[in-house]
Amino acid sequence: MLLVVSAWVIHKCCVVLQLSVLLSESTPHFTRFHHTTTLFSLALYLSTMAKQNTNIGLDRRVTYRRHHSFRTLNNRLIKVRTPGKRLSVQLIKKRRPGVFTPGYLGHKKIQGIQNIRNKTTGNTYKNARTVSRAYGGVLNHSLLRERVIRAFLVEEQRIVKKLLSVKGTKKAGKR
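Residues numbered from 1 in each chain as written. Predicted model: local features only at pLDDT ≥ 70, side-chain atom pairs only at ≥ 80, totals over all residues. Heavy atoms only, no water.

Engineer: I tried to follow the overall build of the chain on my own but got confused; where do I start?
Structural biologist: Counting its secondary structure elements, the chain contains five helices and two strands. Across the chain, helices and strands are ordered from the amino to the carboxyl terminus as α-α-α-β-β-α-α. With 175 residues in all, the chain has 15% of them scored as buried. Pairs at least 24 residues apart make up 30% of the contacts formed inside the chain by residues separated by at least 6 positions. Summed over its atoms, the accessible surface of the chain is roughly 14,800 Å², and 58% of this surface lies on carbon and sulfur atoms. (Helix = DSSP H or I, 4+ residues; strand = E, 2+ residues; numbered from the N terminus. Buried < 20%, exposed > 50% of the residue type's maximum accessible area, 1.4 Å probe, protein only. Contact = heavy atoms within 4.5 Å. Areas by Shrake-Rupley, 256 points an atom, 1.4 Å probe, with all protein chains shown as cover.)

Engineer: What's the story with the pairing of strand β1 (residues 76–81) in this structure? I'm lost.
Structural biologist: Where β1 lies against strand β2 (residues 87–92), six bridges are found, and the strand directions are antiparallel. Within β2, the residue paired with R81 across the bridge is L87. Counting the residues between successive antiparallel strands, the hairpin from β1 to β2 contains five residues, one of them, K85, with a positive phi of roughly 65°. (Pairing = 2+ DSSP bridges.)

Engineer: What is the right way to look at unusual backbone geometry in this model?
Structural biologist: Negative phi characterises most residues that are not glycine, and trans characterises most peptide bonds. For K85, which is not glycine, the phi torsion reads 65° and is therefore positive. Within the element layout of this structure, K85 appears in the loop between β1 and β2. Even without being glycine, Y135 reaches a positive phi, approximately 55°. Judged by its relative accessible area of 46%, Y135 is partly exposed.

Engineer: Is there a simple way to explain a positive patch on the surface in this structure?
Structural biologist: On the surface, K167, K170, K171 and K174 cluster together into a patch of positive charge. Checked against the element boundaries, K170 lands in helix α5 (residues 141–174). (Patch = residues over 30% accessible without salt bridge, like charges linked within 9 Å, V, L, I, M, F, W, Y side chains within 5 Å. Salt bridge = Lys/Arg side-chain N within 4 Å of Asp/Glu carboxyl O. Lys, Arg positive; Asp, Glu negative; His and termini not counted. Charge placed at Lys NZ, Arg CZ, Asp CG, Glu CD.)

Engineer: I tried to follow the packing of aromatic side chains on my own but got confused; where do I start?
Structural biologist: For any pair of aromatic rings, the description rests on two quantities: the centre-to-centre distance and the angle between the ring planes. Inspection of the entire model under this criterion finds zero aromatic pairs. One residue, K109, lies across the ring of F100, its end atom 5.8 Å from the ring centre. Sitting over the face of the ring of Y135, R147 holds its NZ or CZ atom 5.0 Å from the ring centroid. (Phe/Tyr/Trp six-rings, centres within 6.5 Å; stacked < 30°, edge-to-face > 60°. Lys NZ or Arg CZ within 6 Å of the ring centre and 35° of its normal.)

Engineer: What am I meant to see in the confidence of the model for the chain here?
Structural biologist: Detailed reading of predicted coordinates is not advised where the pLDDT is low. Taken over all residues, the pLDDT of the chain has a mean of 75, while the share at 70 or more is 65%. Helix α2 (residues 28–31) is the least confidently modelled element of the chain, averaging 48 in pLDDT, while α5 averages 91, the highest of any element. Within the model, the stretch residues 1–5 combines pLDDT values under 50 with four contacts to residues more than four positions away or in other chains. Confidence drops under a pLDDT of 50 for residues 21–28, and excluding neighbours within four residues, the segment shows five contacts in the predicted structure. (pLDDT = per-residue confidence, 0-100.)

Engineer: Help me out: how do you make sense of the side chain of T101 in this one?
Structural biologist: The residue T101 is located in the loop between β2 and α4 (126–129) in this model. Judged by relative accessible area, which is 2%, T101 ranks as buried. Of the polar contacts made by the side chain of T101, one reaches the backbone nitrogen of H107; its length is 3.4 Å. One polar contact links the side chain of T101 to the main-chain amide nitrogen of K108, over a distance of 2.8 Å. With sequence-adjacent residues up to four places away left out, T101 is seen in contact with G106, H107, K108, I110, V138, L139, N140 and L143. (Polar contact = N/O pair within 3.5 Å; in protein donor to acceptor, adjacent residues only side chain to side chain.)

Engineer: Quick question: what am I supposed to make of the side chain of N140 here?
Structural biologist: Among the secondary structure elements, N140 is positioned in the loop between α4 and α5. Take N140: its relative accessible area is 5%, and that puts it in the buried class.

Right under this line is the structure:
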């Protein structure tokens, strides 16, 4: 078996061997190649690692498919390597902030509702736009809990006030 190793790989092997001598044995990456490793096995390891890491960031020759060729917020792309080893481009949509409670109620996020773009809101199912409880798409759970407790306390206070007024009229009638 004949192995052809490039000068770059041999140079990297020498650098790694020198670093492995300098670094302590506690470093997990270099303990595999500490003093007993031969140059040949290190070159083989580095060549396989170079084949696995196909760096997409180096190749910038991609064409924009939509809008214009400027890198704006609405025209962001991600480079993707296809299974056929071709560099392709995918468009990244803007992230939506989601649904929040009104500003005067603290502007808190409502759980259970998807972050849907305004354009696609009408096409989605109702259970993706609301939460199945009272004030489902408007208030979050903590604000709804406060409202329910406040309503019960107001009702209790009204009943107590009514009872006190009835007791007061009975006492005034006895005198």
